[in-house]
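Next come the chains, spelled out residue by residue.
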Amino acid sequence: MMNNYFIILASGQSKRFNSNQLKQFITYKNKALFEHSLDKAMNSKLFKKIILVVNEKKQIKKKYSKDVVIIKGGKERSDSSLIALKYIKKFKPSNVLIHDAARPNFTIKLLKRLIKSLQTNKASIPVISSKDSIKYKVKNQLFNLDKKNSYLTQTPQAFKFKDIYNLSIKQKKIIQDEATLFINNNFKIKFINGEILNDKITFKEDINNIKTFFGIGFDIHRLVKDKKLYLGGIKIPFHSGLKGHSDGDVILHSVIDSLLGAMRKKDIGTFFPDNRNKFKNIRSPKMLKPIVDILNRSNFYINNLDINLICEQPKVSKYRNKIINSLSDLLNLDKDLINLKGKTVEKLGLIGKEKAIACEVICSISQ
């Protein structure tokens, strides 16, 4: 390990985040926002010490390893950065990386590339090109900036400690990032490719906390002679059909129950009680439709379905594509997101004697 230090700035006021809780402490992907940067820096094993700069040390309840030092920051970002640089001076660091806690999605690979770049450069900054056209205002005049020559700078920003320290202690004005110091003093900077996903979380809308839920469905029906067999919404040529208050379609019933389970909406019997005559012999696609409507109204979308059809006959392989196409139409779901497996029970029990068919389904939905 070289003599590298990592500073995480987590003492901002989150003025634009519009929340009662400071942005750096909100939960993002199941942990505090700043912890993503802290964990990555620790896991990288690239740093002798990690300095976490916060508003108040009391805010941090968790205990971290001895390589993590928590210090109190200043009024502005540049103040906090300087406080951290002054703190690590006694360790005689060679290199320092300075990072905004509001960027949780950088990779350890980026850390390695930045440190490698410091072997031949005094400052190394990750940048990406703008996706948008950029305008620049001077007094009342607008200018178009050439996207090819415009750079969006990211953090972590990597520096030879001595250079960034000497520039920081002389700095009087508020600066937005450490690269600004080098540019203002005509010091050479090495731009390296940043990462598209290394976005800064600035507004509440930037937190795209997708919630995912899982549901399980199961159904079994007896086979009876001279009844039509429906599986997955389609008629299958067979000597028997499934006995039930409706058409007995075990696949659609299991799909319905798995979706209701994932949405925490009880079960199929709550919506379609089998003691109500109006549901007698109802086709299962008609039962599925209102459930899909609830799913859509609640802004859920299906990630995937995995289905086990448990029977000796008919053979699933023969009808797999037809059933998947039918489910795809009924659910308005890409057929690549539906998997159908056939399972036999080695001639055991009612299913083994071809007197019943069962089905189980697991679904994943997100909001």
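Predicted model, so just to flag it, every value in this text is computed and none were measured.

Colleague: Give a description of the overall build of the protein that names residues and reports values.
Modeller: Helix and strand content of the protein: 10 helices and 19 strands. The C-alpha radius of gyration computed for the protein amounts to 30 Å, which surpasses the reference 21 Å derived for 367 residues by more than 25%, pointing to a less compact arrangement than a globule. For the protein, the proportion of its 367 residues judged to be buried stands at 49%. A fraction of 71% describes how many contacts in the protein between residues 6 or more apart in sequence connect residues 24 or more apart. Counting every atom, the protein has about 20,700 Å² of accessible surface; 51% of that belongs to carbon and sulfur. Positive and negative side-chain charges of the protein, numbering 70 and 32 respectively, have mean locations separated by a distance of 7 Å.

Colleague: So, the sheet that holds strand S18 (residues 338-343): which residues are in play, and what are the values?
Modeller: Spatially, the five strands line up as an open sheet ordered S16-S13-S19-S17-S18, and their pairing is mixed. Of all strands in the sheet, those with a lone pairing partner are strand S16 (240-242) and S18, marking the two edges. Between one strand axis and the next, the sheet turns by 20° as a mean value, whatever way the strands run. By the bridge criterion, 11 bridges tie strand S13 (residues 212-225) to strand S19 (residues 356-366) in an arrangement that is antiparallel. In the strand pairing of S19, glycine 215 is matched with cysteine 363. Contacts from helix H9 (residues 316-331) reach strand S17 (301-310) and S18, with the element oriented near 145° to S18.

Colleague: Account for the packing of aromatic side chains, with residues named and values stated.
Modeller: One pass over the structure, following the stated rule, counts nine aromatic pairs. Judged by centre distance (4.9 Å) and plane angle (45°), the ring pair of phenylalanine 6 and phenylalanine 47 falls under tilted. Of this pair, phenylalanine 6 sits in strand S1 (residues 4-10) while phenylalanine 47 sits in the loop between helix H1 (33-44) and strand S4 (49-54), and the two are 41 residues apart along the sequence. Owing to a relative accessible area of 0%, phenylalanine 6 belongs among the buried residues under this scheme. Aromatic side chains phenylalanine 161 and tyrosine 165 sit 5.4 Å apart centroid to centroid with 25° between the ring planes, which places their arrangement in the stacked category. Here phenylalanine 161 pairs with tyrosine 165, and both are found in helix H4 (residues 161-170), just four residues apart, close to one helical turn. Taking the relative accessible area as the measure of exposure, tyrosine 165 reaches 14% and is therefore buried. Here the aromatic cluster, defined as three or more aromatic residues joined through ring pairs, consists of Tyr5, Tyr87 and Phe91.

Colleague: Describe in detail the packing of helix H6 (residues 250-263) against H9, supporting the description with residues and values.
Modeller: Running from N to C, H6 and H9 cross one another at 45°; their axes reach a closest spacing of 12 Å. Classified by the angle between their axes, H6 and H9 sit oblique to one another. The element H6 and its partner H9 pack so that their crossing is right-handed. Between H6, through Ile251, Leu252, Val255 and Leu259, and H9, the contact on the second element is made entirely by Ile323, Leu327, Leu330 and Leu331. Along the lines of polarity and charge, the residues of the contact of H6 with H9 split into eight nonpolar, no polar and no charged.

Colleague: Lay out the environment of lysine 170 in plain terms, naming residues and giving numbers.
Modeller: Tracing the backbone through its elements, the reader meets lysine 170 in helix H4. On the basis of relative accessibility, which here comes to 60%, the residue lysine 170 falls in the exposed class.

Colleague: Can you break down the pattern of salt bridges residue by residue, with the values?
Modeller: Counted by the stated rule, this structure contains 11 salt bridges. A salt bridge links glutamate 178 to arginine 77, with the nearest nitrogen and oxygen atoms 2.7 Å apart. One end of the pair, glutamate 178, is in helix H5 (residues 178-184); the other, arginine 77, is in helix H2 (residues 77-88), and 101 residues separate them in sequence. Residue classification places glutamate 178 among the buried residues on the basis of a relative accessible area of 1%. Here glutamate 312 makes a salt bridge to lysine 347, at a shortest N to O gap of 3.8 Å. Remark: lysine 347 occurs in the loop between S18 and helix H10 (349-352) and glutamate 312 occurs in the loop between S17 and H9; sequence separation between them is 35 residues. Given the relative accessible area of 61%, lysine 347 is considered exposed. Shared partners join several salt bridges into a network, and the residues in it are Arg77, Asp100 and Glu178.

Colleague: I'd like to hear about H1, residue by residue, with values.
Modeller: A large share of H1 lies buried, amounting to nine of its 12 residues. Every buried residue of H1 is listed here: Leu33, Phe34, Glu35, His36, Ser37, Leu38, Asp39, Ala41 and Ser44. Once H1 finishes, lysine 45 follows within two positions and takes phi at roughly 55°, a positive value.

Colleague: Tell me about the pairing of S19, and name the residues and values.
Modeller: In terms of burial, S19 is largely enclosed, as nine of its 11 residues are buried. Sheet analysis places S17 next to S19, joined by nine bridges and oriented antiparallel. Bridged to asparagine 308 within S19 is glutamate 360.

Calculation criteria
Residues numbered from 1 in each chain as written. Predicted model: local features only at pLDDT ≥ 70, side-chain atom pairs only at ≥ 80, totals over all residues. Heavy atoms only, no water. Helix = DSSP H or I, 4+ residues; strand = E, 2+ residues; numbered from the N terminus. Rg over C-alpha atoms; globule rule 2.2 N^0.38 Å. Buried < 20%, exposed > 50% of the residue type's maximum accessible area, 1.4 Å probe, protein only. Contact = heavy atoms within 4.5 Å. Areas by Shrake-Rupley, 256 points an atom, 1.4 Å probe, with all protein chains shown as cover. Lys, Arg positive; Asp, Glu negative; His and termini not counted. Charge placed at Lys NZ, Arg CZ, Asp CG, Glu CD. Pairing = 2+ DSSP bridges. Axes fitted to C-alpha atoms, helices over the stretch in contact; angles between N-to-C directions. Phe/Tyr/Trp six-rings, centres within 6.5 Å; stacked < 30°, edge-to-face > 60°. Parallel < 35°, antiparallel > 145°, perpendicular 65-115°, else oblique. Left-handed = near helix turned anticlockwise from the far one by under 90°. Nonpolar A, V, L, I, M, F, W, Y, C, P; charged D, E, K, R; others polar. Salt bridge = Lys/Arg side-chain N within 4 Å of Asp/Glu carboxyl O.

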